Amino acid sequence: MKPVPPATSLRRAPVQRRSAERLTRILDACADLLDEVGYDALSTRAVAQRASVPIGSVYRFFGNKRQMADALAQRNLERYTVRVTERLRQTGENGGWRTAMDVVLDEYLEMKRTAPGFSLVDFGNQIPVGSRAEPNHRVADRLTELLSGYLDREPDEDLRRVFLIAVETADTLVHLAFRVAPEGDQRIIDEAREMLRAYLARVLD
């Protein structure tokens, strides 16, 4: 089970600060428009207008809206990693892996509810962005790197497999919860949390 390489959607990486700020505006506009009009109605021209940049600036970074949404998904994963890392730093090692699991799930739920465009794109598996099999593998890779030290475990194939199963399970159940209720059906989320705890207890205790 080899780690999945990171997504590379940018035609050209920003070098100067001004270029990086322009890319941020483009992705912010893409996220807002995904919430407003959906993926099918999204266009590079509309993103350029919303971001107040020339259309050529969008095409400098992206060949099409699919690449743009893929880059947004990658940014979501980076921001999610930062949020989880910061929460774990605040909590310390109190609670062990159970605390870590709650942080991982709670931060995902918070982004699901509040991050623009996240309900459609999240980490890339909601719309036809790249391979549908890859995003959860990337999340599992990231969690293995992030949590192995916190759990005092080797980031080996066994741990990665555990996180991949947990991520796939959580992904399915959380999406079910948000199909049932706009903010996520709490009873389904609670059941998902208990299911994850039972599985991880067998492996991590």
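See the structure printed just above.
The structure contained in this document is the topic of the report that follows. All values derive from a computational prediction rather than experimental measurement.

The next subject is the overall build of the protein. The helix and strand inventory of the protein stands at nine helices and zero strands. In the protein, the succession of helices and strands from N to C terminus is α-α-α-α-α-α-α-α-α. Expressed as a percentage of its 205 residues, the buried residues of the protein come to 48%. Partitioning the intrachain contacts of the protein with sequence separation of at least 6 by distance along the chain shows that 70% fall at a separation of at least 24. Summed over its atoms, the accessible surface of the protein is roughly 10,800 Å², and 50% of this surface lies on carbon and sulfur atoms.

This part takes up the nonpolar core. In this structure, Tyr80, Leu147 and Leu200 are the most contacted members of the largest nonpolar core, which totals 38 residues. Contributions of two or more residues to this core are made by helix H4 (65–91), helix H5 (96–114), helix H7 (134–147), helix H8 (157–180) and helix H9 (186–204). Ranked by residues supplied to this core, first place goes to H8 with 10 residues. Not counting chain neighbours up to four residues away, the residues in contact with leucine 200 comprise Trp97, Met101, Val162, Ala166 and Asp205.

Time to look at a negative patch on the surface. On the surface, Asp152, Glu154, Asp156 and Glu157 cluster together to form a negatively charged patch. Take glutamate 154: it is sitting in the loop between H7 and H8. The class for glutamate 154 is exposed, based on a relative accessible area of 59%.

Packing of H4 against H7 leaves a shortest axis separation of 11 Å and a crossing angle of 25°. One finds that H4 runs roughly parallel with respect to H7. Seen along the crossing, H4 lies across H7 with a hand that is right-handed. Contacts from Gln74, Leu77, Glu78, Thr81, Val84, Thr85 and Leu88 in H4 reach Arg138, Val139, Arg142, Leu146 and Leu147 in H7.

Quick look at the pattern of salt bridges now. The final tally for this structure, using the stated rule, is 15 salt bridges. Two residues, arginine 160 and aspartate 141, come together in a salt bridge whose shortest N-O distance is 2.1 Å. Placement of the pair is arginine 160 in helix H8 and aspartate 141 in helix H7, with a sequence separation of 19 residues. The residues arginine 160 and aspartate 141 share a single accessibility class, namely buried.

Look at serine 52: it is not a glycine, yet its phi comes out positive at around 60°. Residue placement: serine 52 occurs in the loop between helix H2 (44–51) and helix H3 (55–61). By relative accessible area, serine 52 is classed as exposed at 62%. Its identity as a non-glycine residue notwithstanding, aspartate 122 has a phi of 35°, on the positive side. What makes aspartate 122 buried here is its relative accessible area of 1%.

Calculation notes
- Residues numbered from 1 in each chain as written.
- Predicted model: local features only at pLDDT ≥ 70, side-chain atom pairs only at ≥ 80, totals over all residues.
- Heavy atoms only, no water.
- Helix = DSSP H or I, 4+ residues; strand = E, 2+ residues; numbered from the N terminus.
- Buried < 20%, exposed > 50% of the residue type's maximum accessible area, 1.4 Å probe, protein only.
- Contact = heavy atoms within 4.5 Å.
- Areas by Shrake-Rupley, 256 points an atom, 1.4 Å probe, with all protein chains shown as cover.
- Core = buried A, V, L, I, M, F, W, Y, C linked by side-chain atoms within 4.5 Å.
- Patch = residues over 30% accessible without salt bridge, like charges linked within 9 Å, V, L, I, M, F, W, Y side chains within 5 Å.
- Salt bridge = Lys/Arg side-chain N within 4 Å of Asp/Glu carboxyl O.
- Lys, Arg positive; Asp, Glu negative; His and termini not counted.
- Charge placed at Lys NZ, Arg CZ, Asp CG, Glu CD.
- Axes fitted to C-alpha atoms, helices over the stretch in contact; angles between N-to-C directions.
- Parallel < 35°, antiparallel > 145°, perpendicular 65-115°, else oblique.
- Left-handed = near helix turned anticlockwise from the far one by under 90°.

These figures come from the coordinates and say nothing about function on their own.
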